[in-house]
Amino acid sequence: MAMLEILEFPDPRLRTKAEPVVLVDNAIRKTVEDMLETMYEANGIGLAATQVNVHKRIIVIDVSEERSEPMVFINPNITVLDEEPDSYDEGCLSVPGFYETVERPKGIRVEALDKDGQSFVIEPEGLLAVCLQHEVDHLNGKLFVDYISPMKRNRIRKKLEKQHRAQA
C-alpha cells in the first residue's frame, strides 16, 4: 500500500469530473487500498479518488467509532428519497482546518459496486448519508465550500494559498 498525496483547495484538479470505472480489477483494488490507507493516515472519514488525483468514480468511507468498518463505493449513484434538508458541520481533507454548515437532503439511496465489483444498494442515514453526498460531490468536481457564500469561500482560498506559499 502507498500513501497518496491529497490535493488541497484551490487546486484546479479537484474540479475534474471523475470517469466511471469500467472494470473492477486488481489495479482498482490497489487504488482502493491506497485510498483507505491515505484516509486513515489523514484522520478522515471519507475520501474520493478525485482528491488524490485519480479521476475514477471511487469513494472510501469509514464513519465507525473504531475506524474498523471501511466501505467502498465504486460508480456510486445517488437518488434523493427525502428532500428535507439535514444540516451538518462539514470538513474536508482537501480543505484542511475549515468547517462550515452545509444542508443536504436527509434521505438518499445509493447504488454502487463494492471492491469486488458486486453491486449493492443502501439507504444511509445521518453521518454516512452526509459523507456519501460530500464524496460524490468530489467525483463531480464540487467541494463543500461551493455551498457557502463567495465571501467565505474566498477567505478560505486566500488562507490556504498563503499556507501553500509558506510550505513551498
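See above for the structure.
Here the structure is a predicted model, which means the values were calculated and not measured. (Residues numbered from 1 in each chain as written. Predicted model: local features only at pLDDT ≥ 70, side-chain atom pairs only at ≥ 80, totals over all residues. Heavy atoms only, no water.)

Caption draft 1: Focus on the layout of surface pockets. Here the largest pocket defines a volume of roughly 370 Å³. Taken together, 22 residues make up the lining of the largest pocket; nearest its centre are Ile45, Glu90, Gly91, Cys92 and Tyr99. Going through the elements one at a time, strand E3 (71–92), strand E4 (95–113) and helix H2 (126–139) are the ones with two or more residues in the lining of the largest pocket. The class makeup of the residues in the lining of the largest pocket is twelve nonpolar, seven polar and three charged. Of all the secondary-structure elements, those providing two or more residues to the lining of the second largest pocket are E3, E4 and H2. Among the elements that make up the lining of the second largest pocket, the one with the highest residue count is E3 (four residues). The residue makeup of the lining of the second largest pocket, split by class, is six nonpolar, three polar and four charged. (1 Å grid on protein atoms, 1.4 Å probe; cavity = no way out; pocket = protein on both sides within 12 Å on 5 of 7 lines; lining within 4 Å. Points joined across faces, edges and corners; volume = space filled by probe spheres on them. Helix = DSSP H or I, 4+ residues; strand = E, 2+ residues; numbered from the N terminus. Nonpolar A, V, L, I, M, F, W, Y, C, P; charged D, E, K, R; others polar.)

Caption draft 2: Focus on the nonpolar core. Of all hydrophobic cores here, the largest spans 16 residues; its most connected members are Met35, Leu47, Ile58, Val60 and Ile74. Every element with two or more residues in this core is listed here: helix H1 (26–41), strand E2 (58–61) and E3. The element best represented in this core is H1, accounting for five residues. Residues in contact with Val60, not counting those within four places in the same chain, are Val32, Met35, Leu36, Met39, Ile45, Gly46, Leu47, Met71 and Val72. Within the second largest apolar cluster, 14 residues are counted, among which are Ala48, Ala112, Cys131 and Leu132. (Core = buried A, V, L, I, M, F, W, Y, C linked by side-chain atoms within 4.5 Å. Buried < 20%, exposed > 50% of the residue type's maximum accessible area, 1.4 Å probe, protein only. Contact = heavy atoms within 4.5 Å.)

Caption draft 3: Region of the structure containing the sheet that holds strand E1 (residues 46–48). An order of E1-E2-E3-E4-E5 is seen for the five strands of this open sheet, with the pairing classed as antiparallel. Sheet topology places E1 and strand E5 (119–122) at the edges, where each strand pairs with a single neighbour. Between one strand axis and the next, the sheet turns through 50 degrees on average, direction left out of account. As judged from the four bridges shared by E2 and E3, these two strands associate in the antiparallel manner. Residue pairing in the sheet places Val60 in a bridge with Val72 of E3. Contacts between H1 and the sheet are confined to E1, E2 and E3, with E2 contributing the most and set at about 40 degrees to the helix. Relative to the sheet, H2 contacts E1, E2, E3, E4 and E5, its axis offset from that of E3 by approximately 115 degrees. (Pairing = 2+ DSSP bridges. Axes fitted to C-alpha atoms, helices over the stretch in contact; angles between N-to-C directions.)

Caption draft 4: How the structure looks around the pattern of salt bridges. All told, the structure shown has eight salt bridges when counted by the stated rule. Close ionic contact of Lys30 with Asp34 constitutes a salt bridge, the shortest N to O distance being 2.9 Å. Of this pair, Lys30 and Asp34 both sit in helix H1, four residues apart, roughly one helical turn. Note that Arg104 and Glu90 form a salt bridge whose closest N and O atoms lie 2.6 Å from each other. Residue Arg104 is located in strand E4, and its partner Glu90 is located in strand E3; the two are separated by 14 residues in the primary sequence. The burial state of Arg104 is the same as that of Glu90; both residues are buried. If you follow the salt bridges from partner to partner, you end up with Glu90, Arg104 and Asp137 in one network. (Salt bridge = Lys/Arg side-chain N within 4 Å of Asp/Glu carboxyl O.)

Caption draft 5: Looking closely at the pairing of E4. When E3 meets E4, the two strands line up antiparallel, connected through 13 bridges. Paired with Val80 across the strands is Ile108, a residue of E4. Counted between consecutive antiparallel strands, the loop separating E3 from E4 contains two residues.

Function-wise, these values are silent; they only describe arrangement.
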